[in-house]
Amino acid sequence: MSLIELRGVTRRYTKGEHTVAPLVDVDLDIEAGEFFVLLGPSGSGKTTLLNLLAGIDRPDGGSVVVGGTDVGAGRSKDLARWRAAHVGYVFQRANLVPVLTAQENVEMPLWLTDLPAKERSRRAALALSAVGLLERAAHLPKQLSGGQEQRVAIARAIVADPELIVADEPTGSLDGESAEAVLRLLARLCTERGKTIVMVTHDQHAASYGTRLVRLEKGQLTAVEVAPR
Amino acid sequence: MGLSFDYALLNLGRRPTRTVLTAVSSALVAALLVCTAAFVRGLEQSFTGAAQPDVALLLSRVAEGDVLRSSVQAGLGALVRANVPGVAVVSEEVHLACNVTVPGSDGARAAMVRGVTPAAYQVHDAVTLTEGTLPGPGEVLVGRLLARQMRVDPSRLAVGETLVLEGAKHRVSGHFAAPGTAIEAEMWTPLEALRGIARRPDASVVFARLEPGADARALQLFVDRRLDLELSLLTSEQYYADLARYLAPIRALAMAMAALIAGAAFLGGVNTAAAAVQDRIRELATLRALGFSTGALWRSLAQEAVLLGSFGALLGLAAARLFLDGGAVRLAMGAFTLGVDGPALALATVATLALALLGTLPALLRLHRLPIAAALAED
């Protein structure tokens, strides 16, 4: 059984008098441990699909099942709890809390657990260490570079050890070197820790890190051949 | 589990100007609420404080409860004492609104003057001599709030100073206090002396203190039998309750003002919480995406509001205590003190914190309806 199963998923938005349907009757399976890359032009619905997988949006039709949980149904409180335990989200911008240090930002998802403070701190330090930023633990986001902020965001996404990491154009606002570091990190999480990565990008180079590439256009998915990197 | 308290605390430092302005407005609200509570309580206490359950008043029937309009025959006190069982002490008094001139001040001022016998000090328990001696002929005993009520410098009414009462010079023999009662804004002088000055052979009222265990039925019987005296009987509590009723519109006005302040504070709180949500819309959406519930985010906002409200309330209450406590409010023929006491402070604290908390409720609705996906895309 796949980790992620989408069946007949449709999502529509109403903007004024117009209805836009970025996803129409979409079927998709993603296996555990894949580095799945979703390509497509701006406005094609990539982020919409990612949000559906992460349970922060709901489909108008069809079902989204992740790890056996139908994330298109259920109360928002239950979905929030599910997200906290099973999904790590890396946004296009790091979206760190500016008043908290890197260590505290990484620790945040653990505030939702019953772990004692010492253990939370230890795990946050481990996650920061995994992204190579332990020495920046006490820094505020404004004291970090864009690439470092995004690596802190990745540490935040993995700290609760979720099986799925979704990343929405994680290198979109980074320079080449920083982007490369972030992509290498995501690939390592996939190969070394067995995490399932679903990454949205419109950058061909970033896409080359994926193990499976799919293009989303006009509401439909088409497989793209993976070019050797 | 939810967001840490530190998160709420640190958020207060994000917009220092807004935080300071919100704290100052909370302080003002707390101070204004204390002021209103102290005013209303002072007003109520100035009458209820003077009421005594074992004291009754005999007035003329036509006066309809107004001591200044009342006229009873001289010697009524002795008559009551001799004929009514269960009466311990009687105080026959003349109450007059007189013109008083204080040297050094411009023109005559109206003041309440009470002509009393030594028995008055046995009937009016609240009255305490604080300085000087009881008045003899040509002397007056001045209440603690009289200077305030007459708007004169208190030093002009110091013991030994002279004032002119209805054209006759009087020396201030002493001062008295009657905490929390309207009596404090009066001056007392010997009954016979005031009768002479005012050319009034009668009395205004007779206060009768009942013996322990006695009730006013015997007095009522006396009033009912002696129709020739045309008397009416009021208990002290009834009398002061009637007086308090005259000032009910002022009290209502003060309450309305407090309600308006509370309304404005509530809207201010709503605005602050709404601004906090709007400023951090993407961050809040991120937190929701990470798994924090609407309730957790609201609790954090509420912590911020209550923290700020507490700090503001503390400032406001301290300022109120410092500047208002012991202050007096002047009315047409009286004055009363503002008591910034425990209940007034507690009321203002609870109201300020409740308003801060209530102000975050619309934000809760906003957070509940927050479209996470759309908010994450906000700039």
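Residues numbered from 1 in each chain as written. Chains lettered and ligands numbered in written order. Predicted model: local features only at pLDDT ≥ 70, side-chain atom pairs only at ≥ 80, totals over all residues. Heavy atoms only, no water.

*Asks:* Can you help me understand the sheet that holds strand 2 (residues 18–30) of chain A in this one?
*Replies:* Each strand in a sheet pairs with its neighbour through backbone hydrogen bonds, running either in the same direction (parallel) or in the opposite one (antiparallel). All names here are of chain A. If you trace the four strands from one edge of the open sheet to the other, you get 2-1-4-5, paired in antiparallel fashion. Bordering the open sheet on either side are strand 2 and strand 5 (69–70), each of which pairs with just one other strand. In this sheet, strand 2 lies alongside strand 1 (residues 4–15) in antiparallel orientation, the contact comprising eight bridges. Bridging from a neighbouring strand, Leu6 pairs with Leu28 of strand 2. Set on the sheet, helix 1 (residues 46–53) makes contact with strand 1, strand 2 and strand 4 (61–66); between it and strand 1 the angle comes to about 125°. (Pairing = 2+ DSSP bridges. Helix = DSSP H or I, 4+ residues; strand = E, 2+ residues; numbered from the N terminus. Contact = heavy atoms within 4.5 Å. Axes fitted to C-alpha atoms, helices over the stretch in contact; angles between N-to-C directions.)

*Asks:* Is there a simple way to think about the interface of chain B and chain A in this case?
*Replies:* A common way to express how large an interface is: the accessible area buried when the components associate. Listed by partner, the interface residues are 23 residues for chain B and 21 residues for chain A. Here chain B and chain A share four residue pairs in polar contact (both at pLDDT 80 or more) between them. For the side of chain B that touches chain A, the elements supplying multiple residues, two or more each, are helix 1 (5–11), helix 10 (281–290) and helix 14 (372–376) of chain B. Looking at which element gives the most residues to the side of chain B that touches chain A, the answer is helix 10 of chain B, with seven residues. (Polar contact = N/O pair within 3.5 Å; in protein donor to acceptor, adjacent residues only side chain to side chain.)

*Asks:* Teacher, can you tell me more about the domain arrangement of chain B here?
*Replies:* Split into domains, chain B comes out as domain 1 (5–48 + 247–376) and domain 2 (55–213). A C-alpha centroid distance of 45 Å is found between domain 1 of chain B and domain 2 of chain B. (Domains from an automatic or database assignment.)

*Asks:* Hey, could you run me through the confidence of the model for chain A in this one?
*Replies:* Should pLDDT be low for a region, the predicted coordinates there are not to be read in detail. Mean pLDDT for chain A: 90, with 98% of residues reaching 70 or above. Per-residue pLDDT, averaged within each element of chain A, yields its smallest value for strand 10 (residues 220–224) of chain A (83) and its largest for helix 3 (residues 102–107) of chain A (96). (pLDDT = per-residue confidence, 0-100.)

*Asks:* I keep staring at empty space enclosed by the protein and nothing clicks. Help me out?
*Replies:* In this approach the atoms are scanned with a rolling probe the size of a water molecule, which exposes any empty space left behind. Taken as a whole, this structure holds two cavities of 30 Å³ or more when the rule is applied. Its boundaries defined by the atoms lining it, the largest cavity holds a volume of some 50 Å³. Empty space within the second largest cavity amounts to approximately 30 Å³. In this structure, the second largest cavity is lined by Arg83, Ala84, Val87 and Tyr89 of chain A together with Ala289 and Leu290 of chain B. Within the residue set of the lining of the second largest cavity, elements represented by two or more residues are helix 2 (76–86) and strand 6 (87–90) of chain A together with helix 10 of chain B. Grouping the constituent residues of the lining of the second largest cavity by class yields five nonpolar, no polar and one charged. (1 Å grid on protein atoms, 1.4 Å probe; cavity = no way out; pocket = protein on both sides within 12 Å on 5 of 7 lines; lining within 4 Å. Points joined across faces, edges and corners; volume = space filled by probe spheres on them. Nonpolar A, V, L, I, M, F, W, Y, C, P; charged D, E, K, R; others polar.)

*Asks:* I keep staring at the nonpolar core and nothing clicks. Help me out?
*Replies:* One broad rule of soluble globular proteins: the nonpolar side chains tend to lie buried together. Ranked by size, the top nonpolar core spans 58 residues in total, and within it Ile4 and Val198 of chain A together with Leu287 and Phe292 of chain B carry the most contacts. For this core, the element with the most residues is helix 10 of chain B, which contributes six residues. In this structure, Leu287 of chain B is in contact with Val97 and Met108 of chain A together with Leu3, Tyr7, Phe292 and Leu297 of chain B, ignoring residues within four places of it in sequence. (Core = buried A, V, L, I, M, F, W, Y, C linked by side-chain atoms within 4.5 Å. Buried < 20%, exposed > 50% of the residue type's maximum accessible area, 1.4 Å probe, protein only.)

*Asks:* What should I look at first to understand the sheet that holds strand 6 of chain A in this one?
*Replies:* Residues and elements named next belong to chain A. Reading across the sheet, the six strands line up as 6-7-8-3-9-10 and stay open at both edges, with mixed pairing between neighbours. Lying at the two open borders of the sheet, with one neighbouring strand each, are strand 6 and strand 10. For this sheet, the mean angle separating the axes of adjacent strands, direction not counted, is 20°. Two strands pair when backbone bridges link them, and strand 3 (residues 35–39) and strand 9 (residues 212–217) are joined in this way by four bridges, in the parallel orientation. Each bridged residue has a counterpart across the sheet, and for Leu38 the counterpart in strand 9 is Val214. Of the strands in this sheet, strand 3, strand 6, strand 7 (164–168), strand 8 (196–200), strand 9 and strand 10 touch helix 1, which is tilted by about 155° from strand 7.

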